[in-house]
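# Observations on the model geometry
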Amino acid sequence: MELENLYDYVFHYNIYNGLWSAIPRDSYNAYWSEKKVDGVISSKNIDTLIELITKGKDFIKKIK
């Protein structure tokens, strides 16, 4: 498990749709101004996002 990968993301919880989002730090500003941003992953459970991120960026690209 690569916990260092978590430093590359910012987490945001949207109370209106009940989703957690993991936002890549380099896309943080775009997340607030655009509807769809590449690299952002969402889930109802933050633990799911943490598990995916710790598996690495290559793994995340495969599941999209």
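A brief structural summary. (Residues numbered from 1 in each chain as written. Predicted model: local features only at pLDDT ≥ 70, side-chain atom pairs only at ≥ 80, totals over all residues. Heavy atoms only, no water.)

### A closer look at a nonpolar patch on the surface
Here is the rule: Each patch is built from residues lacking any salt bridge and having more than 30% relative accessible area; the joining distance is 9 Å for like charges and 5 Å for nonpolar side chains (Val, Leu, Ile, Met, Phe, Trp, Tyr). Surface exposure here means Shrake-Rupley accessible area, sampled with a 1.4 Å probe, where a residue is shielded only by the protein chains that are shown. When a carboxyl oxygen of Asp or Glu lies within 4 Å of a side-chain nitrogen of Lys or Arg, that pair is called a salt bridge. What counts as a helix is a DSSP run of H or I of at least four residues, what counts as a strand is a run of E of at least two, and both are numbered from the N terminus. Whether a residue is buried, partly exposed or exposed follows from its accessible area with a 1.4 Å probe, protein chains only, as a fraction of its type maximum: under 20%, in between, or over 50%, in that order.
Together, Y13, I15 and Y16 line one region of the surface with nonpolar side chains, adding up to about 430 Å² of accessible area. Among the secondary structure elements, I15 is positioned in the loop between β1 (9-14) and β2 (19-24). Residue classification places I15 among the exposed residues on the basis of a relative accessible area of 63%.

### A word on the sheet that holds β1
How we decide: Only strands that DSSP links by at least two bridges are regarded as paired with each other. Note on geometry: axes are lines fitted to C-alpha atoms, helical ones only across the stretch in contact, with angles between N-to-C directions running from 0 to 180 degrees. Working rule for contacts: check all heavy atoms of both residues, and any pair within 4.5 Å makes them a contact.
Spatial strand order, β1-β2-β3: three strands in an open sheet with antiparallel pairing. Strand pairing shows two members of the sheet lacking a second neighbour, β1 and β3 (41-43), which therefore form its edges. Sheet twist, expressed as the average angle between the axes of neighbouring strands with direction ignored, equals 20 degrees. With three bridges connecting them, β2 and β3 associate as antiparallel partners. Bridge pairing links W20 to S43 in β3. Sheet strands touched by helix α2 (residues 46-54): β1, β2 and β3. Its angle to β3, the strand with the most contacts, is close to 145 degrees.

### Overview of the side chain of S21
The following threshold applies: For the purposes of these results, a polar contact is taken to be a pair of N or O atoms within 3.5 Å, where, inside protein, one atom must be able to donate a hydrogen and its partner to accept one; residues adjacent in sequence count only when each atom of the pair is a side-chain atom.
On the secondary structure map, S21 appears in strand β2. Given a relative accessible area of 7%, S21 falls into the buried group. There is a polar contact of 3.5 Å between the side chain of S21 and the side chain of Y31.

### Section: the pattern of salt bridges
Taken as a whole, this structure holds one salt bridge when the rule is applied. With its nearest N and O atoms 3.7 Å apart, the salt bridge here joins K55 to E51.

### What about the environment of E2?
Positionally, E2 belongs in the segment before β1. The class for E2 is partly exposed, based on a relative accessible area of 42%. Here the alpha-carbon distance between E2 and I53, two residues 51 residues apart in the chain, equals 8.2 Å.

### Considering the packing of aromatic side chains
To be explicit about the condition: Aromatic rings from Phe, Tyr and Trp, with only the six-membered ring used for Trp, were paired whenever their centres fell within 6.5 Å, and each pair was classed as stacked if the ring planes differed by under 30 degrees, edge-to-face if by over 60, and tilted otherwise.
Under the criterion given, the structure shown has three aromatic pairs. Plain terms: the ring middles of Y28 and W32 are 6.0 Å apart, the flat faces sit at 80 degrees to each other, and that makes the pair edge-to-face. In this pair, Y28 and W32 both sit in helix α1 (residues 28-33), four residues apart, roughly one turn of the helix. Three or more aromatic residues link up through ring pairs in this structure, and these residues are Y28, Y31 and W32.

Worth remembering: the numbers are spatial, not functional.
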